Amino acid sequence: MSQLKVNTIRHTGASSDAVTLASDGSCTVKATNNLSNRNLISNPEMRIDQRNSGSTYSMNPSSGNPTYGIVDRWFFQNYSGEAARYDVTKSTDVPANQGFTNSLKIDTTTAMGTPSGNNFSALAQYIEAQDCVFLNHGNANAKTLSLSFWIKSTKTGTACISMMRDDADRTYVGEYTISSSNTWEKKTITIPGDTTGTACANDNGRGFILLFPFFTGSSRHQTAGSWAARPGNWYGASSNQVNLVDSTSNDIYITGVSLTATDYFPDFEHRSYDDELARCQRYYHNYKGDNGDSIGIAGAAWGTTTVTFFVQHPVTMRANPTIEGSGNCRFQSQNDSAAFAISDLGIQNAPTDFKTMVFNKTSTSGATASAGGSFQMQSDGAILGFNAEL
């Protein structure tokens, strides 16, 4: 039997090793082909859109932070009162021959003038803290992160990404260049491990946040290429950040966002639709229906004016969700209750396993005490949502 004894294996034209062998017989391999569960980003292909089902969402920065309402898990982080306005849509405009079916389109409907001070707006996603612990940021073994994404923008120039560690209030800004207008381009950015600051908590709170700024005022500027404390305790970008939304002619498309704990850029991980949906439902899920639709949620009347409903979430949620929605509903039984607004529902009991919930309406009428029944929509396009976003 023959043996090849080497410390590393490298292609003749490569600048780094493909395989590194250790003295204990193990090895480290830079495998660019797909390995599962490496991408820290949820809904990276913008396919899951539970809230809108492909309809346009008009984003108003004055509506608070974070502003959810677009495709699942993504939101807008804004400085309250910014002038810019966007129509945001799940789009079928994608890079050719890359396996993507959707992107997120941000259409500028009200332009932003010259940014100053704390002006800021960005597309963003939070990553749950317990999913970031293994990155070891905050100690000497902090892992390198590799970020890649596809972007198509009307405006060209230098733009930024910002990676923030919530527990440590530290931010890394990376720059990239949009070279050609209205052309799909793939961008890659290496983010070194941060050995400074508080380690990420092993809990279900906010861990890391990835931001794609559209514009940034000078109070938020930060030097690109190194970790630092957040500028003025705000999210930041470099002074080179171009204003991507300075005209109502400007559109931005983005898809294929990959963030992995590697020091190289692996192939994009295309997850199955049901896998991606389940990941998103940990943070939000809903029921939709039209007038007269029963949605499979059982209930009971505790009296003539109080009705209670019991829901089992499709997956274990991150935390006990809040109830939100639009339209009207009622308790359907032998004697139906009067219709009431979904927004009037309240939480009666929320177990700490985050798997089920009991919710109710305490001031309706018409129900029969002790009767069983179900939840029924009473208006077209009604939505009952459960929100546990970060």
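Anything mentioned here points back to the structure above.
Described below are features of the structure shown in this document. This one's a predicted model, so the numbers in the text were calculated from it and none came from an experiment. (Residues numbered from 1 in each chain as written. Predicted model: local features only at pLDDT ≥ 70, side-chain atom pairs only at ≥ 80, totals over all residues. Heavy atoms only, no water.)

**Brief notes about the pairing of strand E11 (residues 170-178)**
Buried residues dominate E11, accounting for 7 of its 9 residues. Relative to E11, strand E10 (residues 157-165) is paired through 9 bridges, and the arrangement is antiparallel. When the sheet's bridge partners are listed, Thr158 is paired in E11 with Thr177. The hairpin formed by E10 and E11 contains 4 residues between the paired strands, and Asp169 there has a positive phi angle of roughly 55°. Of the pairings in the sheet, the one linking E11 to strand E14 (residues 227-229) comprises 3 bridges and is antiparallel in character. Within the sheet, the bridge partner assigned to Arg170 lies in E14 and is Ala229. (Buried < 20%, exposed > 50% of the residue type's maximum accessible area, 1.4 Å probe, protein only. Helix = DSSP H or I, 4+ residues; strand = E, 2+ residues; numbered from the N terminus. Pairing = 2+ DSSP bridges.)

**Topic: the pairing of strand E13 (residues 206-216)**
Counted residue by residue, E13 has 10 buried out of 11 residues, so it is predominantly covered. Strand direction decides the pairing type here: strand E8 (residues 120-128) and E13, joined by 9 bridges, are antiparallel. Bridge assignment links Glu128 to a residue of E13, and that residue is Arg206.

**Some details on the sheet that holds strand E19 (residues 322-326)**
The sheet built from 3 strands is open, its strands ordered E16-E25-E19 with antiparallel pairing. Looking along the sheet, the strands with just one partner apiece sit at the ends: strand E16 (284-289) and E19. Neighbour-to-neighbour, the strand axes of this sheet turn through a mean angle of 15°, independent of strand direction. Sheet analysis places E16 next to strand E25 (residues 382-387), joined by 6 bridges and oriented antiparallel. By the bridge assignment for E25, His285 is matched with Phe386. (Axes fitted to C-alpha atoms, helices over the stretch in contact; angles between N-to-C directions.)

**Overview of the nonpolar core**
Counting 45 residues, the largest nonpolar core has Tyr86, Phe149, Phe214 and Val257 as its most contacted members. In terms of residues, this core owes the most to one element, E13, which gives 5 residues. Once you skip the residues sitting within four places of it in the chain, Val257 turns out to touch Asn39, Ile41, Pro44, Met46, Trp74, Leu147, Ser148, Phe149, Leu210, Phe212 and Phe268. (Core = buried A, V, L, I, M, F, W, Y, C linked by side-chain atoms within 4.5 Å. Contact = heavy atoms within 4.5 Å.)

**Things to note about the side chain of Asn39**
Inspection of the secondary structure assignment puts Asn39 in the loop between strand E3 (27-29) and strand E4 (57-59). Judged by its relative accessible area of 5%, Asn39 is buried. Polar side-chain contacts of Asn39 include one of 3.1 Å to the backbone oxygen of Val257. A polar contact of 2.9 Å, which involves the side chain of Asn39, links it to the backbone nitrogen of Leu259. The contacts of Asn39, once residues within four sequence positions are left out, are Pro44, Val257, Ser258, Leu259, Thr260, Phe268, Glu269 and Arg271. (Polar contact = N/O pair within 3.5 Å; in protein donor to acceptor, adjacent residues only side chain to side chain.)

**Points about the pattern of salt bridges**
In the structure shown here, the tally under the stated rule is 14 salt bridges. Here Lys152 makes a salt bridge to Asp93, at a shortest N to O gap of 2.8 Å. With Lys152 in strand E9 (residues 145-153) and Asp93 in the loop between strand E6 (85-91) and strand E7 (103-110), this pair connects stretches of sequence that are 59 residues apart. Accessibility expressed as a relative area gives 24% for Asp93, which makes it partly exposed. In this structure, Glu185 engages Lys187 in a salt bridge whose closest nitrogen and oxygen atoms are separated by 2.9 Å. An identical accessibility class is assigned to Glu185 and Lys187; each is buried. Through salt bridges with shared partners, one network takes in Arg51, Arg73 and Glu389. (Salt bridge = Lys/Arg side-chain N within 4 Å of Asp/Glu carboxyl O.)

**Notes on the packing of aromatic side chains**
Two descriptors summarise a pair of aromatic rings, namely the distance from one centre to the other and the angle between the planes of the rings. Applying the stated criterion across every chain yields a total of 18 aromatic pairs. Their ring planes at 50° and their centres at 5.8 Å tell us that Tyr172 and Trp227 sit as a pair that is tilted. Of the two residues, Tyr172 is situated in strand E11 and Trp227 in strand E14; the sequence distance between them amounts to 55 residues. Neither residue differs from the other here; Tyr172 and Trp227 are each classed as buried. The interplanar angle of 70° and the centroid separation of 5.0 Å between the aromatic rings of Phe309 and Phe375 together place this pair among those described as edge-to-face. A residue pair is termed long-range when its members are at least 10 positions apart, and Phe309 in strand E18 (residues 307-312) and Phe375 in strand E24 (residues 372-377) qualify at 66 residues. The class of Phe309 is buried, set by a relative accessible area of 0%. One residue, Arg73, lies across the ring of Tyr283, its end atom 3.7 Å from the ring centre. Cation over ring: Arg230 sits above Tyr235, and NZ or CZ is 5.3 Å from the ring centre. (Phe/Tyr/Trp six-rings, centres within 6.5 Å; stacked < 30°, edge-to-face > 60°. Lys NZ or Arg CZ within 6 Å of the ring centre and 35° of its normal.)

**Considerations on the side chain of Thr89**
With respect to the helices and strands, Thr89 occurs in strand E6. Beyond its immediate sequence surroundings of up to four residues, Thr89 is in contact with Gly54, Thr56, Ser103, Leu104 and Lys105.

**Observations concerning the sheet that holds E10**
Sheet strands pair via backbone hydrogen bonds, and the direction of the pair is either parallel or antiparallel. Sheet architecture is open: 6 strands sit in the order E5-E8-E13-E10-E11-E14, paired in antiparallel fashion. Across the chains shown, the open sheet's two edge strands, defined by having one partner strand only, are strand E5 (75-78) and E14. Along the sheet, successive strands turn relative to each other by an average axial angle of 35°, direction set aside.

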